Protein chains: 2
Amino acid sequence: MFDLRTAVRQYIRRYDLLQRGEAVVVGVSGGPDSLCLLHLLHALAGEMALRLHVAHLNHGLRGAEADADAEFVAGYAAALGLPYTIGRAAVAALAEAGRLSLEEAARQARYRFLAEVARSVGAETIAVGHNADDQAETVLMHFLRGSGLSGLRGMLPKTPLGEYRLGEDAAAAPVSGSHLPYIVRPLLAIPRREIALYCAEHGLQPRFDLSNEDTTFFRNRLRHELLPILERYNPAIREILTHTAAVLAGDHQIVHSAIEDAWSRYARVYPTPEGGEVYFDLPAWRALPLGLQRGLLRAAIHRLRANLRNINWEHVERAVWLCREGTTGQKATLAAGLEVEIGYRALRVGPEGSPPAAPDWFIPHPGPHPRPLPQNWGRGRGGGGPLLAGPRPLLVPGRTDLGEGWRAEIIAADRRVVPAGLTAADPWTAFLDARAVGAELTLRPRLPGDRFQPQGMAGHHMKLNEFMINVKLPKALRERWPLLVGAGGIAWVCGLRVAAWAAVTAHTEAIWIVKLVRGEGEEA
Amino acid sequence: MFDLRTAVRQYIRRYDLLQRGEAVVVGVSGGPDSLCLLHLLHALAGEMALRLHVAHLNHGLRGAEADADAEFVAGYAAALGLPYTIGRAAVAALAEAGRLSLEEAARQARYRFLAEVARSVGAETIAVGHNADDQAETVLMHFLRGSGLSGLRGMLPKTPLGEYRLGEDAAAAPVSGSHLPYIVRPLLAIPRREIALYCAEHGLQPRFDLSNEDTTFFRNRLRHELLPILERYNPAIREILTHTAAVLAGDHQIVHSAIEDAWSRYARVYPTPEGGEVYFDLPAWRALPLGLQRGLLRAAIHRLRANLRNINWEHVERAVWLCREGTTGQKATLAAGLEVEIGYRALRVGPEGSPPAAPDWFIPHPGPHPRPLPQNWGRGRGGGGPLLAGPRPLLVPGRTDLGEGWRAEIIAADRRVVPAGLTAADPWTAFLDARAVGAELTLRPRLPGDRFQPQGMAGHHMKLNEFMINVKLPKALRERWPLLVGAGGIAWVCGLRVAAWAAVTAHTEAIWIVKLVRGEGEEA
């Protein structure tokens, strides 16, 4: 015989859904699933020392009937001796304001409400009553919509309450201080019929007329129409779909890790006022298997457009093949006003129609220190480095004209943009620890007695002249060679080497990206 | 306007389906797909210098009508000036003999025939006419059957003609000497309606009554009944399904690589007369994500039962959770007479009910050389190493009693079992290059003038006594410490270090696994 309580207890343990002694908000609509869930968790609460808190949201859509649901849930919670919160949302108004379907507005309002209750009672876990039939319907819905692996894995036993569930304004009005709670679904492997049996056996009398707010019209069609048809093709279709979801969730995790790994190696986010751009190392991207190439482009879209839920398959596919086969300068539309463009050494994902915010050197090629001297150094870009006659205080951050067609650009960047130990591919660019070098930066030629501690040489201090000789800087250039000087002395012998004390480390919090650029009419 | 020829040419290029100048067997039933394919490839043959060969199999199921099909194909090939082979199979008899459905027998006969033709004309590529609607049906079929990622990716643009397609007797009667040809599907992204249009535009007059032999009853139900129903839920369902297949094929590749990678690290195949056993490093397996744990168990089943096509989901799932949560000695049924058993340090997948063929130490733990001296060395297992009074010739392979409760065991192992540079986790076990050490092995105490060349010390030769001092072997034990001596001298200072000349390398072909074991009643 199927023992629902044992099955749920095992599922909770296996997927690590509840922690001993924790506070748990239980979302209860009053329907059979959530009532069964509450009854089960109440039975478990003793042995796991759970502190349960019942939460019910009145969606304000069904008048007196909804009020009766709320009363029923409050009464049942009170009968179990549990604290409860009854909330109320004006879902119709939210839907109109946000141009959402009623169902979507209700869903967002519900999750926001649950997150608020969790915050107010100090809970990190919210339990909801989705069952195996809901899961089968979800998988089927995603199958019909073509949402790929992440959709076909259905709902997860345990998942952080993502921001997309809270709607687009969630970022503006965060529901919780530090982090969002987890949603857990202890009944996700339990078929609806077993839940009905459980309710009957335990004398639970759920309220039933909740389908209008809890499920969409499309989902109802799948439940009542399509699934019975599919059962004619495979009578076990519901079990098949829940199993498929469980297996694909594992596969998705593998794919997701592989994409994250490739991202950390080959992608850099360049911060801009418009929300940033993503750069991929082009040769590295091209050497990846097709699935990772697709995954990285989609990850870039997600990174830059966090609220975008549906990405057009055709666009991504066309973009992937363009990036595989195309040549420098070619572009393809991606999604939500984003495009991908093939650069010399990088693929750039950014706002459509705008020029790259970061120069092509932005994709760093992690390499051993010290890097070899660039072949064209001393000649700069187009002949001759930015030689100096005297000191030039720099605008930090900002642009400073250096004369002779050169300018210095200093950009503030987030720690996450530049991994520790990295040097830019372009010799005229440096990544510096902003706190170490401070905000008063000057470019100046050398002074008598200058000393330098090159990065990557195990802390060795040396006379600046010695360093210049070591790197074979021609004598004629040494007197006027640009040095970036900050709080701790020489931070960068431009074009040649960053100082150890100024370099980005694992402890760096903020970064200055310093560039010496030859004008070439970019400011036209 | 959709230009089918351009689309197919692009698809061939993108998925690298055809090589310039190669011979290609084209499977032609006479239906619209294969006729369109032949017409297209014939048009491409000039620019790609393809040498086409038409192949048609008469399944012997439909009498005069089938003969007319064969004649039609032969006539069309001749009209194009192409060589052709018409084959005939007694599919009904094959089905009865192999206890297969007619459809399955026809499929196997067809692929065997195509492989034979490919071999006889020296082709490595076989082109077949599956189209995007076939692909959508395949994905749907696998979705309804719950066949996971590998099924949901549908048919592949290019795939090696796997043995399972040729039936279980393929191994006994291989169709090709060295390797099997590729199946390529140039029309896999082309909808059926476009193919019909193409045929009409080019005056091709395909034969149509082929459905009974080319598609199964189930597939026909999907095509004519279920897909039209699904179009009421999503009118674009056919495109959705082909796109899903393409995306999931990429994801599958990522998952497959991850499983292969984990396999190469944590799995070893131990050869037995019954077809082998697979051992996984238990702590390493347990540290993997759920998806890889599942994937490795399934891979073990595939490795040991290559012809098994359907693996019971429940069995694998129960086994995975047992291996995650269970204790030493627990077992679970897997599939096809296989079980998985939890050992002390390994998971063993092998024949149900039989004891492990390999000892528990079989899973090697790759570690840096030289390994630290085991803490309990010099005390052996249960006090005192297997000290020797004089030389003991060993049975190779075999067991030799050493007295004092110890015995030596020597097992012959396949090269693939032990990667180069590996040492066993158990200090009393060594992997030796069988050719280097030879088959005359002796255990003896040390002799004056003994020298030793420890593995992992860059070829350094030293006096044996010096080595014994280095590893802090107490003086009292040195005189009677067991040394394994083979063709090149001291091959193993037992419990301590293998000699460089005797170690397993990338060039090793056969291995002796040498173990010193304390009896402990194992032979009762």
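Refer to the structure above for everything that follows.
For clarity, every value in this text was computed on a predicted model and none was experimentally measured.

A.B. asks: For the pairing of strand β19 (residues 483-486) of chain A, give the residues involved together with the corresponding values.
C.D. replies: Residue and element names in this part refer to chain A. Taking every second residue as pointing to the same face, both faces of β19 are buried, with Leu483 and Val485 on one and Leu484 and Gly486 on the other. Here 3 bridges tie strand β16 (residues 442-444) to β19, and the two strands are oriented antiparallel to one another. Its bridge partner lying in β19, arginine 444 is registered against leucine 483. Note: β19 against strand β20 (residues 489-493), 4 bridges, orientation antiparallel. Bridge assignment links leucine 483 to a residue of β20, and that residue is valine 493. Counting the residues between successive antiparallel strands, the hairpin from β19 to β20 contains 2 residues.

A.B. asks: Before we move on, can you summarise the side chain of Gln135(B) with the specific residues and values?
C.D. replies: Residues and elements named next belong to chain B. Turning to its location among the elements, glutamine 135 is positioned in helix α6 (residues 132-145). The buried category is assigned to glutamine 135, whose relative accessible area is 4%. Among residues more than four places away in sequence, those in contact with glutamine 135 are Arg153, Gly154, Met155, Leu188, Thr242 and Ala245.

A.B. asks: Could you give an account of the relation of the copies chain A and chain B, with specific residues and numbers?
C.D. replies: Note on the copies: chain A fits chain B at an RMSD of 1.3 Å, the axial shift is 0.4 Å, and the rotation between them is 179°. Taken together, the rotation and translation relating the two chain copies correspond to the operation of a two-fold axis. It is Val255(A) whose C-alpha, among those of chain A, lies nearest the rotation axis, at 2.7 Å.

A.B. asks: A description of the interface of chain A and chain B should follow, citing residues and the corresponding values.
C.D. replies: Contacts between the two partners involve 45 residues from chain A, matched on the other side by 45 residues from chain B. Taken together, the two surfaces of chain A and chain B that pack against each other cover about 4,100 Å², and 68% of this comes from carbon and sulfur. Contact with chain B buries surface across chain A, with Phe143(A), Tyr233(A) and Ile254(A) losing the most and accounting together for 19% of the total. Counting across the interface, chain A meets chain B through 4 salt bridges. Its salt-bridge partner being Glu325(A), residue Arg14(B) comes within 3.3 Å of it at the nearest N-O pair. Elements with a contribution of two residues or more to the side of chain A that touches chain B: α1 (4-14), α6 (132-145), α7 (148-152), α10 (217-233), α11 (237-266), α13 (290-304) and α14 (313-325) of chain A. For the side of chain A that touches chain B, the element with the most residues is α11(A), which contributes 14 residues. Of the residues in the side of chain A that touches chain B, the class split is 27 nonpolar, 8 polar and 10 charged.

Cut-off values and rules
- Residues numbered from 1 in each chain as written.
- Chains lettered and ligands numbered in written order.
- Predicted model: local features only at pLDDT ≥ 70, side-chain atom pairs only at ≥ 80, totals over all residues.
- Heavy atoms only, no water.
- Buried < 20%, exposed > 50% of the residue type's maximum accessible area, 1.4 Å probe, protein only.
- Helix = DSSP H or I, 4+ residues; strand = E, 2+ residues; numbered from the N terminus.
- Pairing = 2+ DSSP bridges.
- Contact = heavy atoms within 4.5 Å.
- Least-squares fit on C-alpha atoms with pLDDT ≥ 70 in both.
- Buried area = accessible area lost by both parts, 1.4 Å probe.
- Salt bridge = Lys/Arg side-chain N within 4 Å of Asp/Glu carboxyl O.
- Nonpolar A, V, L, I, M, F, W, Y, C, P; charged D, E, K, R; others polar.

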